[in-house]
Amino acid sequence: MSAQVTKPAPDFTATAVMPDNSFNDAFSLSDLKGKYVALFFYPLDFTFVCPSEIIAFDKQLAAFKERNCEVVGVSVDSHFTHLAWKNTPVNEGGIGNVQYPLVADLSKKISRSYGVLIKNAGVALRGTFLIDREGVVKHAVVNDLGLGRSIDEALRMVDALQHHEKHGEVCPA
């Protein structure tokens with residue numbers, strides 16, 4: 001079953017590379033309950049389009065944090081590969097020391113549970129899921145591999161959700 005808007009977000013526990021570059025072997029989505037979560041999937045580390053999105057999320061991280069929203073990235077790479085990519089300078093194809101968790105999904109269970117796994121390719125599509133403070137998926141968008149996402153739009157959706165929660169049945173643009 002894949003993640004669906006209005007349904008609880010599929011929980012997971014996996015190894016993640018944390019902002020301080022430590023490994024958290026028990027990183028869990030449910031540990032973030034009480035906060036909004038921008039959970040995004042990307043195909044692979046050390047690829048061409050991915051670094052721009054990952055770095056863009058990092059550049060907007062303070063804006064997400066101001067909204068009580070955690071950013072979490074997931075790919076089918078190992079935590080060792082995530083750390084190597086973080087330790088590679090941006091001008092050499094790395095992502096630098098991004099300050100949000102990067103989750104390792106070697107088993108592909110997380111990608112499969114969110115419905116973004118391309119079975120014959122073994123990688124995830126570019127999925128972005130906005131999860132509310134109760135752990136419910138409120139927004140989902142999935143792009144094909146070659147189509148990058150807008151971090152500004154992800155941030156706008158956090159604003160829209162919070163506006164809706166505060167004011168009721170309204171739909172801000």
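Look a little higher up for the structure.
Note that the coordinates shown come from a computational prediction; the quantities given were computed from them, not determined experimentally. (Residues numbered from 1 in each chain as written. Predicted model: local features only at pLDDT ≥ 70, side-chain atom pairs only at ≥ 80, totals over all residues. Heavy atoms only, no water.)

## Focus: helix H5 (residues 151-167)
Argument step 1. Between the first and last C-alpha of H5 there are 24 Å, a value that for 17 residues agrees with the 24 Å anticipated at 1.5 Å per step.
Argument step 2. Every buried residue of H5 is accounted for by Ile151, Ala154, Leu155, Met157, Val158, Ala160 and Leu161.
Argument step 3. Once H5 ends, the next one or two residues include Gly168, with phi positive near 85 degrees. (Helix = DSSP H or I, 4+ residues; strand = E, 2+ residues; numbered from the N terminus. Expected span 1.5 Å × (residues − 1). Buried < 20%, exposed > 50% of the residue type's maximum accessible area, 1.4 Å probe, protein only.)

## Structural notes on the sheet that holds strand S3 (residues 36-41)
Argument step 1. Read from one edge to the other, the open sheet built from seven strands follows the order S2-S1-S5-S4-S3-S8-S9, with strand pairing classed as mixed. Here the strands that pair on one side only, and so sit at the sheet edges, are strand S2 (23-28) and strand S9 (137-143). Across the sheet, the axes of successive neighbouring strands diverge by a mean angle of 30 degrees, strand direction being ignored. (Pairing = 2+ DSSP bridges. Axes fitted to C-alpha atoms, helices over the stretch in contact; angles between N-to-C directions.)

## What to know about the pairing of S9
In the case of a regular strand, side chains alternate between the two sheet surfaces.
Argument step 1. Relative to S9, strand S8 (residues 126-131) runs antiparallel, the two sharing six bridges. Bridge pairing in S9 places Thr128 opposite Val141.
Argument step 2. In this antiparallel pair of consecutive strands, S8 and S9, the connection spans five residues, and Gly135 shows a positive phi of 90 degrees.

Interpretation in functional terms is not warranted from these geometric data alone.
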